[in-house]
Structure formats: C-alpha cells, structure tokens
Amino acid sequence: MAITKILIANRGEIACRVMRTAKKMGIKTVAVYSDADARAPHVLMADEAVHIGPSPAAQSYLIADKIIAACKQTGADAVHPGYGFLSERESFRKALDAEGIIFVGPPANAIAAMGDKIESKKLALEAGVNVVPGFVGVIEDTEHAVKISNEIGYPVMMKASAGGGGKGMRLAYSEQDVREGFEATKREGLSSFGDDRVFIEKFIESPRHIEIQVLGDQHGSIVYLNERECSIQRRHQKVVEEAPSPFVSPEMRKKMGEQCVALARAVGYFSAGTVELIVSGEDKTGDGFYFLEMNTRLQVEHPVTEEITGVDLVEQMIRVANGEALSFTQDEVKLNGWSIENRVYAEDPYRGFLPSTGRLIRYNPPETGKDETGALIRVDDGVEEGGEVSMFYDPMIAKLITWAPTRLEAIDKQIAALDRFEIEGPGHNIDFVSALMQHERFRSGNITTGFIAEEYPEGFHGAPASPELLGKLAAVGAFAAMAQADRARRIDGQLGKKLKAPTGWQVKIGSGETASVHDVVINGDDVTVDGKSLDMSLEYTPGDRLIEAEFDGAELSVRIAPVRAGFVLTAHGASHKLRILPAHAASYANHMIEKIPPDLSRFLICPMPGLLVALHVKEGDKVEAGQPLAVIEAMKMENILRAGKSGVVKSVSAAQGESLPVDAIILEME
C-alpha cells in the first residue's frame, strides 16, 4: 500500500523540509503543534494540523500516544519523525507498527541495537568495523602494560579506571613512556579515587569527526553516500558541516563506506542512517578511523550530502518506507563539487554563546538559487519574520547551505550569503560563523574537533578586519553620510539654500587605541581613501538596511544602521562603529570630551531573559570572587551567575521565582 498522507512528528526547520519533499511527491501532509507553535510556519505549510498539547516538549512532541491519536484523527498512514524528539525511540516504532502505521525510518531492532553504546561497539567489532583499540580488563603489572601498548600501537592513553576531570591520565608515545608512567598512573588513581585499576586505549591524535551517510531499502540493498566532516564543534555541538571532507582520500572513503555498510547490514538496516567516526588527523595511512556511534535517523546536516550527490534523502526515506527498491547502485553514487552548511543559532557569541530568545523583528535570509557561475545558496528554515524563537526548543533559526565546484568557492559563497542575512531581535551567531569561514586554518582544511577551543580561547570578539576592508567600509560610510547630508539639504531650510553636501569626510572606525582614522573624498564617481583611488559603485537611499557595493568588480554586502554621528556597518563577521564628520569640522573633534561608560562591575546583571530560580545571598552578606550568587533558567538550561569580585551585598532588587528581562539588575555590591 502506497503512502498517501504523512504526519510529521516534529516542528521547525525539519518539519518544513520533510513537507517540501512530500508535496513534491504528491503526498498530503499533517503537522502537529504545541501551544508555542500554534502559528509556526510548519503548521501553515501542512494540509492539516493537530494541536497536541502545552509548550514543553515533554508534554507534546515527546508523547507517542498523542502522535498516534493525531494519525487516527487525520487518517495519516505514515509518520516521519525528523530528528530529535521520538526519532530514535524503539518503543515509538513498535507502537506505530502495532497500529499499522508506517514509520519512515529503520526497523525497531536496528534502533535498539544502535541506541546502546556498549552493544553497538560489540556489533561494530563483529561486523569488521574499526573501533578504538584498547584493553578493558585487569592489567597485572608494567610488563603486561607494555605488551598491551605494543599490540595497540602508539601513542596510547593510560587512564585510571575511576578517573575523571583530567586526573589519572598519562599519554605514552613509546615503550619507555609506558614503563615510566604506568605505576604513576596507578598511584594517582589510588590517591585521587581510591582505585588503582588502569585501562589502556589508543590515543587519537588531531581528532576529526567524520561520518558516513548510509541508505538501504527493505530488499537488502545498502549504499553509502560519501562522507561529511563535522569537526567544527562547540561543546560537542556541530556548528559547520561539509561534504566531502578535505581530509578523506578516495581509498579511505571506500574503506570507511564499506565498513559502515557492513555494520548496517549486520543489524538489518534500511532507510537513511549515519555512522559517526572519529578519525586521526595524524594518521596518513587512511586506516586511522574508528566507530563512535550510529544515528538511526536523518541528520541535521543531511543537505550537504544531498547537494554533492543529487539525492533527495527525504524522498528516498519515503520510497523505502513504501517498500520500493533503491533506484541506483553504489557505482552510480556521484560526488560532485563541494557543499558547506552553517547552522544559524539564536545564541550570542559576544556573550559567551548564551542562548537568546525573543521575537524575530526582522528575518530576511539571502536570496536562494544558483548564480551565474552555477554556485548555489540554499536556506532550510522553519521561522518567519514576526515569529518567536521560543525558550522551549532548540535555538536553531536556519541552516545556510552553499554548493560550488570547489571547497574555497563554497566557503566564499557562505561569507557573501552571511553578509546578506538580516536578523534582528534575538542575538545570533552569524558574525561567528562568518569568522570561521574566513579563518585561514579552516580554509586550509587542517581542522580538528578542538578548533574552536584552540582558536578562540578567550571567547569571540568579532572577526578581525583587514586594512583593505576597513578602507572599503570607510568609503561606504562616507557615501552614506553624503547621501544623508544631501537629503537634509533638500528638506526646506535645513541647510540654507546654497549649501552642497560636503565631498571630503573624516571617518573614524572603532574607538580607543584600536581605532583607525581615514580621509575620504568623494567627487562624482571618483573616490579616494587616504589618498588612494578606489573603484566603487553602490546605491544607497537613507533608510536602506543593506548596501550591495562593488569594489573592482567584487561584490561586498554591508548591513547599515544609523547611530549618533555616524553608522554601524556590519560585514564579514564583525560590526564596526563609524564616526563620520565633514573634513572641515573633523579637526574640532579633538576638543570633544569622550564619554566614559558607567562602571557596572558593582551590579549583578541578568545575562538573558529567564526565570530566577535561586538567589543564594541577601543584603549584608559577604561574598568571594567566583561564589555562586543566583541561578537563571532559560532554554531548559540552568545558568549559574557568580561574583566577579569579592565584596558585600548592598541591596537586592529581584526576588526568587521572578521572570527577568535581559540586563535586569539582580543585586548591587558595595
């Protein structure tokens, strides 16, 4: 029986993504929604929609019975679970099977086998997949440890069995290191944890996170659709994904792919799934890859695989669920060009990546489709302007996917598209991902899972701007200031009758010691910055929010917002404040007293909108630096606010149980 109506047991971006394919295939769609999502795009996009409960996911999207009831109510004969929520619950698949509803995904036994970390490792070993070599058992003495280490191959990590927090760990690059370090590791384990057992496993140098997309039908055909690299992560959450990987050779791809297909075959897998591998960046043989886990669902990053292979994975999942055989073989899987995905999150990289919520006052993604070179921009989103980024769910706003014939072209396409992305309301990470795209180490392909921690140890403060970019921004700012002045001249009486807009401008970018000052002269079509001629063309009308300029034929998109005495221009991963003065007035600026911002270090300020769930101090209490003062709950996470310095609490302005806006004062220190 063919699927005629499909219920998508999910929300947001992935629900819209599944519906687009279902509509293309002529299949009717049903959306489910919680209170928070009543007016969400996925609800409006579906043919029918069913309300399934309150905003928290545990009371709506995670209740299998409500999903099944919605299927019966609408006559949906299939369910696509998307990712997250119920997508990897064996019990959900079994409940649907019992009701005769088709689950668009793998069989229950495969979900169960791969959901168990220990069980899946055993299965992987049996199927001939590389797992991280190690010895789990009692190691008798140093000689035994040396023998094991020689078998595993160096470098190895000796770990205290009960260890944690980095204690009781020693890295050994040779037999001598093992002889010197084994007893010491045992002693550390005993003194720190009261347990001297030690285990040894291979140490993966320069680890990279690479995964293989597999796809199988119910007739025993399984193929692999190349690999994706997802090494750019922050706190184990993927930020950037690309396909193929700049590290993987054709031989390595074949080895990885065949092992992952063998694993899928061992559990009778069908539908789309992903095998995640940890790969040693130091191992040039192409054998240094090891099984981590298998995700028995569609991945967030599936679009990059679709772009390089031309395969619509959601369509394939629906066809497989329908009982159809795969229409292509392994030999017919293409690998064409390069695709990169950036996840646009509602989080503020300038404030330690704190989650950010609120209404999307403006949401204007870049234009999608192919350009004249054949490069592609794709945006997968499930939000719209005026909608809300809610505290109840994942803070993803959109996924920006680019495709081009080469990796660097795909990266440059990302930078250009990110410059055109307009989001106002919640904080967002567009500047941060743009900075990643411009980073020389990322562009070289020499990346590991430690990339973000290594390159941004002090947090993110905006992408560094080259002198060339600053010169271009100075010219754009001066042109905009001239247009403003010209408009003021036309409004009767503002500048008298005869005055023309000035042509010479002084543009100061930034403040303090890092500020740069530029002299810009605009005379008709001739533009000079600091005496050097610049080939610039652009259009700007006061009130525009985006300027699309061309310099020597190369495009630059700049977001512009007026502020006192100038503009804030945002491009290439950073915002720059420009103070713009007519050249004849600029010399007087040195006499202006600079306004020093007030000292807020005495205040404990709420870093994001949230609920004050705990307040640990009262008026008159002495506090030490680093001491927890309050706990704010937002986006299902508790955030501990600590004292920046020691002192005495002078006054408390907020009460436990109160919902606080961002920047609300919680307490003041003396």
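Here the structure is shown first, and the text comes after it.
Values in this document were obtained by computation on a predicted structure and should not be read as measured data. (Residues numbered from 1 in each chain as written. Predicted model: local features only at pLDDT ≥ 70, side-chain atom pairs only at ≥ 80, totals over all residues. Heavy atoms only, no water.)

### Structural notes on the overall build of the protein chain
Put simply, the rule reads: Counting from the N terminus, the helices are DSSP H or I runs at least four residues long and the strands are E runs at least two residues long. A radius of gyration in this sense is built from C-alpha atoms; the matching globule rule multiplies 2.2 Å by the number of residues raised to 0.38. Burial status follows relative accessibility: with a 1.4 Å probe on protein chains alone, a residue under 20% of its type maximum counts as buried, one over 50% as exposed, and anything between as partly exposed. All accessibility values rest on the Shrake-Rupley procedure with a 1.4 Å probe; residue burial counts only the protein chains present in the view. Under the counting rule used here, the positive set is Lys and Arg, the negative set is Asp and Glu, and His together with the chain ends is not counted. To locate a charge, take atom NZ for lysine, CZ for arginine, CG for aspartate or CD for glutamate.
The helix and strand inventory of the protein chain stands at 17 helices and 41 strands. Over its C-alpha trace the protein chain gives a radius of gyration of 29 Å, about what one expects of a compact globule, namely 26 Å for 670 residues. Along the three orthogonal principal directions, the C-alpha set of the protein chain runs to about 85 × 65 × 55 Å. Relative to its full complement of 670 residues, the protein chain shows a buried share of 53%. Surface summary for the protein chain: the accessible area is close to 30,700 Å², and the carbon and sulfur share equals 51%. Both charge centroids of the protein chain, one from 72 positive and one from 96 negative side chains, sit 4 Å from each other.

### With respect to the side chain of Arg228
Rules: In the analysis that follows, any N or O atom pair within 3.5 Å is treated as a polar contact, provided that within protein one partner can donate a hydrogen and the other can accept it, and provided that, for residues neighboring in sequence, both atoms belong to side chains.
Mapped onto the elements of the fold, Arg228 is located in strand β11 (residues 222-234). In this structure Arg228 comes out as buried when scored by relative accessible area, which is 1%. A polar contact is formed between the side chain of Arg228 and the side chain of Thr274, at a distance of 2.9 Å. One polar contact links Arg228 to Thr305, side chain to side chain, over a distance of 2.8 Å.

### Focus on the sheet that holds strand β32 (residues 566-571)
Cut-off, in case you're wondering: Strands were regarded as paired on the criterion that DSSP finds at least two bridges between them. Whether two residues are in contact is decided by their heavy atoms, any of which lying within 4.5 Å being enough. Here an axis means a line fitted to C-alpha atoms, over the contact stretch when the element is a helix, while the angle between two N-to-C directions is reported on a 0 to 180 degree scale.
If you walk across this open sheet you meet the 9 strands as β28-β27-β26-β25-β33-β32-β31-β30-β29, and the pairing is antiparallel. Each end of this open sheet is capped by a strand with a single partner; those strands are β28 (532-534) and β29 (536-537). Two strands pair when backbone bridges link them, and strand β31 (residues 554-563) and β32 are joined in this way by 5 bridges, in the antiparallel orientation. Residue Val563 lies in a different strand from β32, and its bridge partner there is Gly566. Across the sheet, helix α16 (residues 467-490) touches β25 (504-509), β26 (516-523), β27 (526-529), β28, β29, β30 (546-551), β31, β32 and β33 (574-582), and the angle it forms with β26 is around 55°.

### Some words on the sheet that holds strand β7 (residues 156-160)
Taken in spatial order, the 4 strands make up an open sheet running β6-β9-β7-β8, and their pairing is antiparallel. Each having just a single partner strand, β6 (134-135) and β8 (169-172) make up the two edges of the open sheet. Bridging between β7 and strand β9 (residues 198-202) involves 5 bridges; their strand directions are antiparallel. Bridge assignment links Lys159 to a residue of β9, and that residue is Phe199. Running over the sheet, helix α7 (residues 142-152) touches β6, β7 and β9 and is turned about 20° from β9. Together, β7, β8 and β9 form the strand contacts of helix α8 (residues 175-193), whose direction differs from that of β7 by roughly 20°.

### Regarding helix α6 (residues 117-126)
Our working definition: Throughout, the arc means the angular range of directions from the helix axis out to the C-beta atoms.
Every buried residue of α6 is listed here: Ser120, Leu123 and Ala124. Buried residues of α6 fall within an arc of 100° about the axis and therefore sit on the same side. When the buried face of α6 is taken as reference, the exposed residues oriented beyond 90 degrees from it are Ile118, Leu125 and Glu126. The inward-facing, buried residues of α6 abut α5 (108-115), α9 (250-266) and β14 (289-295).

### Observations regarding the packing of helix α12 (residues 407-420) against helix α13 (residues 430-438)
Each pair of packed helices can be described by the angle between their axes along with the distance between the axes. The condition is simple: Working rule for angles: under 35 degrees goes down as roughly parallel, over 145 as roughly antiparallel, 65 to 115 as roughly perpendicular, anything else as oblique. Take the far helix as the reference: if the near one is turned anticlockwise from it by less than a right angle, the crossing is left-handed, and if turned clockwise, right-handed.
Where α12 meets α13, the axes come as close as 9 Å, and the angle between the chain directions of the two elements is 155°. Between α12 and α13, the angle is such that the two are roughly antiparallel. Here the hand of the crossing between α12 and α13 comes out left-handed. Taken together, the residues of α13 that come into contact with α12 (itself represented by Ile411, Gln414, Ile415 and Leu418) are Ile430, Val433, Ser434, Met437 and Gln438.

### Considerations on the packing of aromatic side chains
Note the cut-off: Side-chain rings of Phe, Tyr and Trp, where Trp is taken by its six-membered ring, are said to pair if the distance between their centres is within 6.5 Å; with planes under 30 degrees apart they count as stacked, over 60 as edge-to-face, and otherwise as tilted. Remark: a charge is flagged as sitting over a ring if the NZ atom of Lys or the CZ atom of Arg is within 6 Å of the ring centre and within 35 degrees of the ring normal.
This structure, assessed with the given rule, holds 10 aromatic pairs. Considering the side-chain rings of Tyr350 and Phe460, the 5.3 Å spacing of their centres and the 45° angle between planes classify their relative orientation as tilted. With Tyr350 in the loop between β16 (347-348) and β17 (354-355) and Phe460 in the loop between α15 (451-455) and α16, the pair connects residues that are 110 residues apart, well separated along the chain. Residue Phe460 is classed as buried on the basis of its relative accessible area of 3%. Judged by centre distance (5.5 Å) and plane angle (65°), the ring pair of Phe432 and Tyr456 falls under edge-to-face. With Phe432 in helix α13 and Tyr456 in the loop between α15 and α16, this residue pair connects regions lying 24 residues apart in the sequence. Each member of the pair Phe432 and Tyr456 is classed as buried. Following the ring pairs from residue to residue traces out a cluster consisting of Tyr350, Phe353, Phe432, Tyr456 and Phe460. Above the plane of the ring of Phe353 lies Arg234, whose end atom (NZ or CZ) is 4.0 Å from the centre. Geometry around Phe442 places Arg407 over its ring, the cationic atom sitting 4.8 Å from the centre.

### Overview of the nonpolar core
Selection criterion: By convention a nonpolar core is built from buried Ala, Val, Leu, Ile, Met, Phe, Trp, Tyr and Cys residues, the set being connected through side-chain atoms within 4.5 Å.
If you look at the biggest cluster of nonpolar residues, it comprises 40 residues, and the most contacted ones within it are Ile232, Tyr363, Ile397 and Leu436. Those elements that place two or more of their residues in this core are β12 (237-243), β15 (338-345), β21 (376-381), β23 (396-404), α12, α13 and α15. With 6 residues, the single largest contributor to this core is α13. Those residues within four positions of Ile397 in sequence are excluded, and the remaining contacts are Val344, Tyr345, Ala346, Tyr363, Asp381, Gly382, Val383, Val389 and Ile423. If you look at the next biggest cluster of nonpolar residues, it comprises 35 residues, including Met482, Leu538, Tyr540 and Ala549.

### Things to note about a negative patch on the surface
For clarity, the threshold we go by: Here the term patch refers to residues with relative accessible area over 30% and no salt bridge, with like charges joined within 9 Å and nonpolar side chains (Val, Leu, Ile, Met, Phe, Trp, Tyr) within 5 Å. Here a salt bridge means any side-chain nitrogen of Lys or Arg lying within 4 Å of a carboxyl oxygen belonging to Asp or Glu.
On the surface, Glu140, Asp141, Glu183 and Asp196 cluster together to form a negatively charged patch. Relative to the elements of secondary structure, Asp196 occurs in the loop between α8 and β9.

### Side note on the environment of Arg187
Inspection of the secondary structure assignment puts Arg187 in helix α8. Judged by relative accessible area, which is 54%, Arg187 ranks as exposed. For the pair formed by Arg187 and Ala160, sequence separation is 27 residues and the distance between their alpha carbons is 9.2 Å.

Everything listed here is a matter of coordinates, which is why it stays silent on function.
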